[in-house]
Amino acid sequence: MQDDLYARGLALRKQVLGEDHVDKLLAGADRFAMPLQQLETEYVWGLVWSRPGLETKTRCMLNLAMMTALNRPNELRLQLTTALANGCTKEEIVEVLLQANAYCGGPAGVDAFRAAREVFAAAG
């Protein structure tokens, strides 16, 4: 079962995040970091992201709100890039970040908008 979870998770992870990104993560994982990569691939991607209840785009938008709430700007930048690559528009992202700002507070919202501005500029 675990091999199946890993294979399913790895395929979905590459589809959503991009094959190059995932390959770099796995290639850079040493003996210390590899157990985390395996857990992420099996649990997050093989069990959770692969569930049929939500579309990938919706999951991306949820992650934007959660990374804003948790004040994780580095992960938020990755999730912003992922959201754009998976069909979220800049307008939808703005609405998600405004909603998160309303519930998480101004400092979290300001940091999220700052990260989004950086990602949008890099994306063109």
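To keep things clear, this report deals only with the structure shown in the data block. Source: prediction; values computed, not measured.

With that settled, consider the nonpolar core. Within the largest apolar cluster, 23 residues are counted, with the highest numbers of intra-cluster contacts made by Trp-45, Trp-49, Leu-64, Leu-76, Leu-80, Ala-83 and Ile-93. Looking at this core, the elements with two or more residues in it are helix 1 (2-17), helix 2 (19-27), helix 3 (34-49), helix 4 (56-69), helix 5 (73-85), helix 6 (90-104) and helix 7 (106-123). For this core, the element with the most residues is helix 7, which contributes five residues. Non-local contacts of Ile-93, meaning those with residues more than four positions away in its chain, are made with Leu-64, Leu-80, Ala-83, Leu-84, Cys-88 and Phe-120.

What follows deals with the layout of surface pockets. Empty space among the atoms becomes visible once a probe the size of a water molecule is rolled across them. A volume near 420 Å³ is recorded for the largest pocket. Along its surface, the largest pocket is lined by 20 residues, and Glu-40, Val-44, Trp-45, Glu-75 and Gln-79 are the ones closest to its centre. Counting residues per element, the lining of the largest pocket draws most heavily on helix 3, at seven residues. In the lining of the largest pocket, the residues fall into twelve nonpolar, four polar and four charged.

What the rule picks out here adds up to four salt bridges. Here Lys-14 makes a salt bridge to Asp-23, at a shortest N to O gap of 3.1 Å. Of the residues examined, Lys-14 reaches a relative accessible area of 23% and is grouped as partly exposed. Note that Arg-114 and Asp-111 form a salt bridge whose closest N and O atoms lie 2.8 Å from each other. You can see Arg-114 and its partner Asp-111 sitting in helix 7, three residues apart, about one turn around the helix. Judged by its relative accessible area of 29%, Asp-111 falls in the partly exposed class.

Basis of the calculations
Residues numbered from 1 in each chain as written. Predicted model: local features only at pLDDT ≥ 70, side-chain atom pairs only at ≥ 80, totals over all residues. Heavy atoms only, no water. Core = buried A, V, L, I, M, F, W, Y, C linked by side-chain atoms within 4.5 Å. Buried < 20%, exposed > 50% of the residue type's maximum accessible area, 1.4 Å probe, protein only. Helix = DSSP H or I, 4+ residues; strand = E, 2+ residues; numbered from the N terminus. Contact = heavy atoms within 4.5 Å. 1 Å grid on protein atoms, 1.4 Å probe; cavity = no way out; pocket = protein on both sides within 12 Å on 5 of 7 lines; lining within 4 Å. Points joined across faces, edges and corners; volume = space filled by probe spheres on them. Nonpolar A, V, L, I, M, F, W, Y, C, P; charged D, E, K, R; others polar. Salt bridge = Lys/Arg side-chain N within 4 Å of Asp/Glu carboxyl O.

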